[in-house]
Amino acid sequence: MSKLRIAVQKSGRLNEDSMRILKDIGISIDNGKDQLKASARNFPVEVFYLRNGDIPQYLKDGVVDAAIIGENVLIEKGNDITVVEKLGFSTCRVCIAVPKSAEYSSINDLEGKRIATSYPNTVKMYLDENGVKANLHIINGSVEIAPNIGLADAICDIVSSGSTLFKNNLKEVDTILKSEAVLAVSPVLSEEKQAILDKIQFRIQSVLKGRQ
Ligand code: PRP
Ligand code: MG
């Protein structure tokens, strides 16, 4: 019998809540996080611990069948991936921020400016919509440091509590999108796997109802 391969974030903010919801729907995982793959004891499911940014491509290729992932990552990298369920945790927003002392009234103020970000496609979409041309610097982490070291005039990154912005003397000036964890599925799914997914989705819906 085939198993449904579910990807979750290996480490980071989403990992803990992802493992919790799997546990809450009765899927108990045998081995810990040191393994990159683990089988459920009582359900035809395998869990793959992956880097966030790699998950959209794995879904597209059918390397994994489903994933618990931030919507923001799908918007950045996986526009043809279907979201079947919003999970209500790991809420955040993708924002533009500038140094506290900088003046900002609209995105037009970033014309010709340098923006550091880990979300180039998302920012570009927003700039294009507004007819603004700016220079993007792609950084994979610690984006908020960029204005302080003279690398950028603004940043675009995810904001949750706002604490990282605050600590780096930045202010949030524009919200591009809001995000939360979702259950996403591969476009190539066998009937057998679809049936397993349906069961999981049903259980998730019950758990989410109970959490309200
Ligand atoms: C994420 C994100 C922001 C921060 C937002 O970074 O890139 O920097 O969290 O959360 P906050 O508003 O609650 O401070 P993370 O700590 O995951 O590290 P990274 O950017 O180096 O990957
Ligand atoms: Mg960060």
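Residues numbered from 1 in each chain as written. Chains lettered and ligands numbered in written order. Predicted model: local features only at pLDDT ≥ 70, side-chain atom pairs only at ≥ 80, totals over all residues.

### Considerations on the overall build of the protein
Defined as follows: The helix count covers DSSP runs of H or I at least four residues long, the strand count covers runs of E at least two residues long, and both are numbered beginning at the N terminus. Each residue is classified by how many other C-beta atoms fall within 10 Å of its C-beta atom, where C-beta atoms are placed from the backbone; a count of 20 or more means buried, 12 or fewer means exposed, and values in between mean partly exposed. In this description, a residue-residue contact is defined by the distance between C-beta atoms placed from the backbone, which must lie within 7 Å.
Counting its secondary structure elements, the protein contains six helices and 11 strands. The principal-axis extent of the C-alpha atoms belonging to the protein is close to 60 × 35 × 30 Å. Going through the 212 residues of the protein one by one, you find that 36% of them count as buried. Considering only intrachain contacts with a sequence separation of at least 6, the fraction spanning at least 24 residues in the protein is 64%.

### Comments concerning the domain arrangement of the protein
Spelled out, the test is: Boundary definitions for the domains trace back to an automatic or database domain assignment. Residue polarity is assigned by list, with Asp, Glu, Lys and Arg as charged and Ala, Val, Leu, Ile, Met, Phe, Trp, Tyr, Cys and Pro as nonpolar; anything else, Gly included, falls into the polar class.
Domain parsing of the protein yields domain 1 (4–90 + 180–211) and domain 2 (92–179). With seven residues of domain 1 in contact, the opposing surface of domain 2 contributes eight residues. For the side of domain 1 that touches domain 2, the element with the most residues is helix α3 (residues 71–77), which contributes four residues. Its residues assigned to classes, the side of domain 1 that touches domain 2 comprises one nonpolar, three polar and three charged.

### Considering the sheet that holds strand β2 (residues 37–39)
We count it as follows: Two strands are said to pair when DSSP picks up at least two bridges between them. For helices, the axis comes from a line fit to the C-alpha atoms of the stretch in contact; other axes are also lines fit to C-alpha atoms, and the angle between any two N-to-C directions lies between 0 and 180 degrees.
Taken in spatial order, the six strands of this open sheet run β2-β3-β1-β4-β11-β5, and their pairing is mixed. Every interior strand has two partners, whereas the edge strands, β2 and β5 (82–86), have only one. Between one strand axis and the next, the sheet turns by 30 degrees as a mean value, whatever way the strands run. Pairing geometry for β2 and strand β3 (residues 45–50), over three bridges, is antiparallel. Bridged to S39 within β3 is E46. Taken strand by strand, helix α1 (residues 13–24) contacts β1 (4–9), β4 (66–70) and β11 (181–185), and its axis lies near 140 degrees from that of β1.

### Remarks on α1
Think of an α-helix as 3.6 residues a turn; residues three or four steps apart then line up on the same face. The line we're drawing: Note: the arc covers the axis-to-C-beta directions of the helix.
What α1 keeps buried is the set L14, S18, I21 and L22. Down the axis of α1, the buried set is contained in an arc of 100 degrees. They therefore lie on one face. Residues of α1 that are exposed and point more than 90 degrees away from the buried face comprise R20 and K23. Those residues of α1 that are buried are in contact with β1, β4, β11 and α6 (191–211). Of the residues trailing α1, G26 is marked for its positive phi of about 90 degrees.

### Brief notes about the environment of A152
Locating A152 in the fold gives a position in the loop between β8 (135–138) and β9 (154–159). Sequence separation of A152 and V98 is 54 residues, and the distance between their C-alpha atoms is 9.2 Å. Not counting the four nearest positions on each side in its chain, A152 is found in contact with R114, I115, A116, H137, A146 and P147.

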